[in-house]
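Structural description and commentary
The lines below spell out each chain.
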Amino acid sequence: MPASENVLVIEPGRAERHYWRDTWAYRELFAILAWRDIAVRYKQTIMGCLWALIRPFLTMVVFTVVFGKIAKLPSDGASPYALMVFAGMLPWTFFSMALAEASNSLIGNANLISKVYFPRLIVPTAAVMVAFVDFLISFAILVAMMAWYRFVPEWHILLLPGFVLMAFLASLGPGLWITALNVKYRDFRYIIPFVVQLGLYVSPVGFSSSVIPAEWRLLYSLNPMVGVIDGFRWCILGGESALYWPGFWLSIVVILFFLWFGVRQFRRTEKSFADLI
Amino acid sequence: MPDTVISVENLYKSYLVGHQSAERERYSSLRDVVARNVRNLTRKTADLIYGRQIVQGDEVEEFWALNNVNFQVNQGDVVGIIGRNGAGKSTLLKILSRITEPTKGRISIRGRVSSLLEVGTGFHPELTGRENIYLNGAILGMTRSEIRKKFDEIVAFAEVDKFLDTPVKRYSSGMYVRLAFAVAAHLEPEILVVDEVLAVGDVQFQKKCIGKIDDVAKQGRTVLFVSHNMVAVRSLCSRAILLQDGIIINDAEVNEVADRYLRDGIEAGGLIEWNDPAKAPGDHSVKLKSIGIFCGGMEPGKVDIQKDFKINVEYWVLQENNRIIVSFHLHNSRGELVVTSGNMSSVSATYDPWAERPYPAGLYRTSCIYPGRLFNDGIYAVTVFINDGSVDRHHVLEREIVKFEIVDTGFMREEYQGPWLGSLRMKLPWSTEAVTVRPQSSRELASS
């Protein structure tokens, strides 16, 4: 049997020349890991994937009552407050879950990491896909609510996939960085739930970002989720919600920076994962 | 001129290990404890800021798991890698399979490598057998179409066809292992790297595994095989590499290396001791302090075939334990398990009250006396288990950690001086009876 001609060289600190091609070659493993996480997620539960509907729905009800009815904050234009909250809730739930799943993904797959080689990048990315499936399920609530309020979206809604991608990248960047740190320093396991909880109130989920005073709005957009949530509302609510463009571009820049930073940090430490995990 | 498929040059790998300094035992006032913890926290914070690895304990040491390793493997070679625990075998395999990277040195490999460092890597208990075949196959590097093609073969090999749609968490451990190995066995790599996967499963199954590896080798593929099982190594491999403390001390024909490995334990003295619990084998609650074999009037590790000998194990119990059971396995130099025993009440010939009593933290010694005039002469290896009586979780499990030699001092040797075969050499009560006796006739005498 002739040996194949591709020669693999293993050396310390050797950046793999074909890293991205290698990652692409492992796309089946990526698909199967994502499928595994999704298949396992609601096993042995009574409600099954209904959980993906119940949680955002109840949060939306509470926020509508607290921010809309008790605090009497204004909605975007003439759109129903509940609809506005849910349009923000969707990307936020996706982001927070993707971040949490990605951050714990390497530790959760420690047995794989210490026994088999594959490009480690596919583990957190597959974890984000789980959050994406939940996102698709809860999207059904949005459709139902729009029918309930007889709210017809404008052409903006066609741009929604672009903002979904934006939310995906916004969670992947920090997720990669934190999961790599988590391998070495388990402190981040405790930091993430806290950050996610805090972020819910810092980001314009329960209220419209138009309530932020104009002079602070650009600074507020340093939070990348501000751009994503505003974008979602712009797509879903149409003309009722105006997009604040300087803030939007700033959010894009912040997201891209974190993505670049996350991938860089991840790749730097990737080879020592098996020793530290 | 054979083709070199693996070439390892000047390979080094170091790990950082931390341990508590000796100071800990001497001072224990609150002030010292606080001061030490503050110092540790400061150091860890500094490590975090500079991106260094966090190490527990207050002394950090660099440990070389591999120290200048060089070898080459040719196309079609079947090479055994042997050595005691901690000799660097697993580290070497991990580097070869790209799981971790070396500290220094270079390896070049020609061909597709599949490594089996464990059976059933990535098996998910909630998924069914069918789903796990696809999952595990993908993890081991097979494409979906490859798995689909071999699916029936895998199921037949594992003998689990009735339970394909049952979650593997409901499988018996035997079924689980069979399924896991079946997937791995159907990989078609150019280079196969196998680590002690044979340590699991029953004897029947181990034979099947060895047979499968042998098939791979016969097809002219290259195999690297790590094992403690000298019988398997001798039968599979043509060449072996002996590692000790990260250094290759012998790289030659398999029988020569295996003999050297078996001899080495004796030269180590038949007594191993650890003075620092942080470095001793064991888990967080029980650590081994020493293990030795003693026979009256002889140095540790040497046993007179005619005399009783004692295997003695000392261990620290670091936190209170409800129940601790100590057991030993003795393997002979052919790798056969000769005897297993433990201090459980129904197993021990003398009653050991500690087998049923909670253990407060402290240092303990458990010993077992083996009778003389029972085992054949030769080299034996002791495997020590310390657990709570269950078989799947061990505080201490050190395979073939110490060896001893039963020396033939002429027992039962007046009539026959050649090699004595068999595992045991004991005096058994023989007798002969005349069933019918007839006087021999003169005709019969004449014909003989």
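As a starting point, this report considers the structure included with it. (Residues numbered from 1 in each chain as written. Chains lettered and ligands numbered in written order. Predicted model: local features only at pLDDT ≥ 70, side-chain atom pairs only at ≥ 80, totals over all residues.)

1. Regarding the overall build of chain A
Where we set the bar: Only DSSP runs of H or I with at least four residues qualify as helices, and only runs of E with at least two residues qualify as strands; both kinds are numbered from the N terminus onward. We compute the radius of gyration over the C-alpha atoms and compare it with the globule rule, which gives 2.2 Å times the number of residues raised to the power 0.38. With C-beta atoms placed from the backbone, a residue is buried if 20 or more other C-beta atoms are within 10 Å of its own, exposed if 12 or fewer are, and partly exposed between those counts.
Counting secondary structure elements, chain A contains twelve helices and one strand. Each helix (α) and strand (β) of chain A, taken in turn from the N terminus, gives the series β-α-α-α-α-α-α-α-α-α-α-α-α. A compact globule built from 277 residues should have a C-alpha radius of gyration of about 19 Å, and chain A, at 21 Å, falls within 12% of that. The principal-axis extent of the C-alpha atoms belonging to chain A is close to 70 × 45 × 35 Å. For chain A, the proportion of its 277 residues judged to be buried stands at 42%.

2. Remarks on the sheet that holds strand 9 (residues 247-253) of chain B
Residue and element names in this part refer to chain B. Stated precisely, the cut-off is as follows: Pairing between two strands requires that DSSP report at least two bridges joining them. Between N-to-C directions, angles cover 0 to 180 degrees, with each direction set by a line fitted to C-alpha atoms, over the stretch in contact for helices.
Taken together, the six strands give an open sheet; going across it, the order is 5-6-7-3-8-9, and neighbouring strands pair in mixed fashion. Either end of the sheet is taken by a strand with one partner, and the two such strands are strand 5 (113-116) and strand 9. Within this sheet the neighbouring strands show an average axis-to-axis angle of 15 degrees, counted without direction. Here strand 3 (residues 78-83) pairs with strand 7 (residues 222-226) via four bridges, running parallel.

3. Some remarks on the interface of chain A and chain B
Heads up, the condition is: Any two residues are considered in contact once their C-beta atoms, placed from the backbone, lie within 7 Å. Under the scheme applied here, ten amino acids are nonpolar (Ala, Val, Leu, Ile, Met, Phe, Trp, Tyr, Cys and Pro), four are charged (Asp, Glu, Lys and Arg), and all others, including Gly, are polar.
Chain A puts 28 residues into the contact, and the matching count from chain B is 41 residues. For the side of chain A that touches chain B, the elements supplying multiple residues, two or more each, are strand 1 (7-10), helix 2 (27-41), helix 5 (110-113) and helix 12 (273-276) of chain A. Looking at the side of chain A that touches chain B, the element that brings in the most residues is helix 2 of chain A, giving six residues. Within the side of chain A that touches chain B, the residues separate by chemical class into 17 nonpolar, three polar and eight charged. Alignment of strand 1 of chain A against strand 4 (residues 104-110) of chain B, held across four bridges, turns out to be antiparallel. Each bridged residue has a counterpart across the sheet, and for Val9(A) the counterpart in strand 4 of chain B is Ser108(B).

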